[in-house]
Amino acid sequence: MEKTGVAIVGLGNVGQGVAQLLLDHGDRTARHAGRTLWLTHVVVRDITKPRNVDLPDGVLTDDLSRLIRDNSVKVVAQLIGGIEPARTIMLQLLESGKDVVTANKALLAEHGPELFDRARQLGRSIAFEASVAGGIPIITNVSQCLSANQIVSLRAILNGTSNYIISKMDGEGSDYRSALAEAQQLGLAEADPAMDVDGTDAAQKLAILAHLCFGARVHWSEIPRRGIDSIDECDMQFSKHLGYRIKLIAFAKLVGSGVQLMVAPMLVKSGEPLAEVKANFNAISVVGDAVGPVFFHGQGAGPMPTASAVVADMIDTAVGRTAITFKTLELWADGHKRVDFASPGDLEGRYYMRFDVVDQPGVLGQITGRLGQHRISIASVYQHETQSDRQQTVPIVIMTHHAKESAARAAMKQIADMPTVADSPERFRILS
Ligand code: NAP
């Protein structure tokens with residue numbers, strides 16, 4: 001059988017999974033590729049570090065130039081995280097005539113246009129299924145299988161670490177710190193989990209999906225975002241009582257004036273598929289104008305789920321399928337217009353609002369009066385019973401009907417300034 005030389009750069013969590021799949025299941029990959037994917041080089045920083053995979057002699061190296069010079073290698077899985085040296089190495093690989101597969105969403109979200117342009121100039125390709133939602137094949141689905149559709153909306157859980165933490169807070173009543181510590185112990189969260197919990201990672205993935213779904217260029221930093229790091233446990237409990245779960249949602253919707261994009265914790269009705277996504281799982285709900293709603297659910301991270309996507313990309317690249325789609329899709333090409341953002345103030349939505357108020361007569365009327373001034377009508381009010389006579393404030397939760405973001409923001413500010421309302425009222429969108 002014909003052999004295609006393949007290589008891996010970076011033998012961390014994902015790299016080890018990829019090596020294991022290539023070495024242990026060569027028959028499987030050969031059946032799908034119609035050729036053997038022959039692993040010839042695995043490049044790392046430190047060759048003395050213990051690894052969980054047994055490589056054939058002579059494959060492990062810390063010398064990237066050996067791989068660059070080897071013309072028998074056609075496909076390289078580039079599995080180093082972060083921006084540099086990942087960007088420079090990817091350019092070197094492309095320039096040496098190799099097609100690249102990557103799982104690095106941060107690199108693509110930051111430098112996608114440059115890297116894709118360079119690959120096109122050189123007649124090479126970049127495949128990146130694993131960069132969004134790990135093992136869920138969402139890139140191929142939105143860019144190929146659903147290509148007869150205009151995608152009209154997308155709602156997704158794209159960060160497994162955040163979902164694990166809020167599932168723990170919601171299901172077991174854990175507080176944020178202990179849920180985060182547990183996620184770190186299980187290896188689900190980075191030593192520095194900031195980008196997972198502050199919404200950056202989800203915004204980077206949403207920027208990639210927004211480009212594929214809506215055909216427009218957007219930089220992740222332009223997407224309004226809030227993470228889970230400031231969620232109060234009491235809001236998880238009140239939401240649950242009202243029949244909702246709080247989830248970190250990456251949201252995109254096509255409206256007349258452009259695309260609405262945001263990443264934020266939102267209330268999702270219990271029982272809806274997105275509300276039931278537990279632990280470190282990811283899910284994506286896409287609505288196409290022809291197909292209607294389609295739902296994807298699976299493991300968004302982890303060595304083997306991510307390796308599943310990487311190896312599938314290596315097979316597609318080796319047989320030449322990636323080259324065709326890469327060329328026709330013109331990803332991040334200059335000709336694409338920039339996305340028109342629907343003005344954030346015009347976003348319509350329902351809201352959950354919580355105010356901690358002084359327990360005295362008339363306060364609820366003052367709050368509802370302020371909301372009325374901003375044309376925000378109330379769907380329901382929930383007031384928790386006072387626990388003791390000495391309690392200084394009591395929480396009032398209001399669920400609104402549809403209102404503009406700008407009106408909700410202005411009303412919240414006015415209410416926060418009332419002397420009977422304690423600091424920091426809270427507001428979440430209700431996904432509808
Ligand atoms: P990781 O465990 O930190 O591994 C990174 C690897 O890159 C290490 O083996 C490291 O070598 C190697 N490396 C770093 N700098 C290098 C250099 N200059 N030359 C050669 N090798 C170098 O990372 P990971 O979790 O596997 O993630 C890899 C990529 O996949 C990231 O972009 C990540 O965002 C993405 N991703 C990860 C997951 C997941 O579940 N982990 C899921 C989806 C996407 P040494 O081992 O010698 O230090």
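Rules used throughout
Residues numbered from 1 in each chain as written. Predicted model: local features only at pLDDT ≥ 70, side-chain atom pairs only at ≥ 80, totals over all residues. Heavy atoms only, no water. Helix = DSSP H or I, 4+ residues; strand = E, 2+ residues; numbered from the N terminus. Rg over C-alpha atoms; globule rule 2.2 N^0.38 Å. Buried < 20%, exposed > 50% of the residue type's maximum accessible area, 1.4 Å probe, protein only. Contact = heavy atoms within 4.5 Å. Areas by Shrake-Rupley, 256 points an atom, 1.4 Å probe, with all protein chains shown as cover. Lys, Arg positive; Asp, Glu negative; His and termini not counted. Charge placed at Lys NZ, Arg CZ, Asp CG, Glu CD. Domains from an automatic or database assignment. Expected span 1.5 Å × (residues − 1). Near = heavy atom within 4 Å. Polar contact = N/O pair within 3.5 Å; in protein donor to acceptor, adjacent residues only side chain to side chain. Nonpolar A, V, L, I, M, F, W, Y, C, P; charged D, E, K, R; others polar. 1 Å grid on protein atoms, 1.4 Å probe; cavity = no way out; pocket = protein on both sides within 12 Å on 5 of 7 lines; lining within 4 Å. Points joined across faces, edges and corners; volume = space filled by probe spheres on them. Pairing = 2+ DSSP bridges. Core = buried A, V, L, I, M, F, W, Y, C linked by side-chain atoms within 4.5 Å.

Draft legend 1. Spatial organisation of the overall build of the chain. A count of helices and strands for the chain gives 15 helices and 16 strands. Radius of gyration (C-alpha) of the chain: 24 Å, near the 22 Å computed for a compact globule of 432 residues. Overall, the chain is about 80 × 45 × 35 Å in size when its C-alpha atoms are taken along their principal axes. The 432 residues of the chain split such that 52% are buried. Long-range contacts, defined here as pairs at least 24 residues apart, represent 73% of the contacts in the chain between residues at least 6 apart. When the accessible surface of the chain is summed, it comes to about 18,700 Å², and 49% of that surface belongs to carbon and sulfur atoms. The average position of the 43 basic charges and that of the 48 acidic charges among the side chains of the chain differ by 4 Å.

Draft legend 2. Main features of the domain arrangement of the chain. Once the domains are mapped, the chain shows domain 1 (3-134 + 305-329), domain 2 (147-298) and domain 3 (345-430). The C-alpha centroid of domain 3 is placed 52 Å from the C-alpha centroid of domain 1.

Draft legend 3. How the structure looks around helix H10 (residues 200-214). The first and last C-alpha atoms of H10 sit 20 Å apart over 15 residues, in line with the 21 Å expected at 1.5 Å per residue. Of all the 15 residues making up H10, 15 are buried; the element is thus mostly covered by neighbouring parts of the structure. Phi turns positive one or two residues past the end of H10, at Gly-215, with a value near 65°.

Draft legend 4. Quick peek at the site of the ligand. The immediate surroundings of the ligand are formed by 22 residues, with Leu-11, Val-14, Asp-46, Arg-51 and Gly-302 found nearest. In this structure, an oxygen atom belonging to the ligand sits 3.0 Å away from a main-chain N or O atom of Gly-12. In the complex, the protein chains occlude 79% of the 900 Å² of accessible area that the ligand would expose alone. Partitioned by chemical class, the residues of the shell around the ligand number 10 nonpolar, seven polar and five charged.

Draft legend 5. Structural detail: the side chain of Ser-174. Position of Ser-174 relative to the elements: it lies in the loop between helix H7 (160-172) and helix H8 (176-185). For Ser-174, the residues in contact, after removing those within four places along its chain, are Lys-168, Met-169, Ala-179 and Glu-233.

Draft legend 6. The arrangement of the layout of surface pockets in detail. In this structure, the second largest pocket occupies an estimated 270 Å³ of space. Taken together, 15 residues make up the lining of the second largest pocket; nearest its centre are Met-262, Ala-264, Glu-405, Arg-427 and Arg-429. Counting residues per element, the ones that place at least two in the lining of the second largest pocket are strand S9 (258-269), helix H15 (405-416) and strand S16 (426-430). A total of four residues in the lining of the second largest pocket trace back to one element, the largest contributor, which is S9. The class makeup of the residues in the lining of the second largest pocket is nine nonpolar, no polar and six charged. Lining the lining of the second largest pocket are residues from two domains, each supplying at least three of them: domain 2 (147-298) and domain 3 (345-430).

Draft legend 7. Expanded view of unusual backbone geometry. Residues Glu-84 and Pro-85 are joined by a peptide bond in cis, for which omega reads 5°. Here Pro-85 lies in the loop between strand S4 (73-78) and helix H4 (86-95). The backbone of Glu-330 sits at a positive phi, close to 50°, despite the residue not being glycine. Accessibility expressed as a relative area gives 43% for Glu-330, which makes it partly exposed. Of note in this structure, Arg-375 is not a glycine but carries a positive phi near 60°. Within the fold, Arg-375 resides in the loop between helix H14 (363-373) and strand S13 (378-383).

Draft legend 8. Focus on the pairing of strand S8 (residues 244-255). Of all 12 residues that make up S8, nine are buried, and the element is covered over most of its length. Direction of pairing for strand S7 (residues 151-157) relative to S8: antiparallel, over a ladder of four bridges. When the sheet's bridge partners are listed, Ser-153 is paired in S8 with Lys-253. What sits between S8 and S9 in their antiparallel hairpin is a turn of two residues.

Draft legend 9. A look at the nonpolar core. Within the largest apolar cluster, 82 residues are counted, with the highest numbers of intra-cluster contacts made by Leu-67, Phe-116, Ile-138, Leu-154, Ile-165, Ile-284 and Val-286. For this core, the leading source of residues is H10, giving 10 residues. If we ignore the near neighbours within four places in the chain, the residues touching Leu-154 are Leu-206, Leu-209, Cys-213, Ala-250, Phe-251, Ala-252, Ile-284, Ser-285 and Val-286. Ranked by size, the runner-up nonpolar core spans 29 residues in total, among them Ile-8, Leu-11, Val-18 and Val-311.

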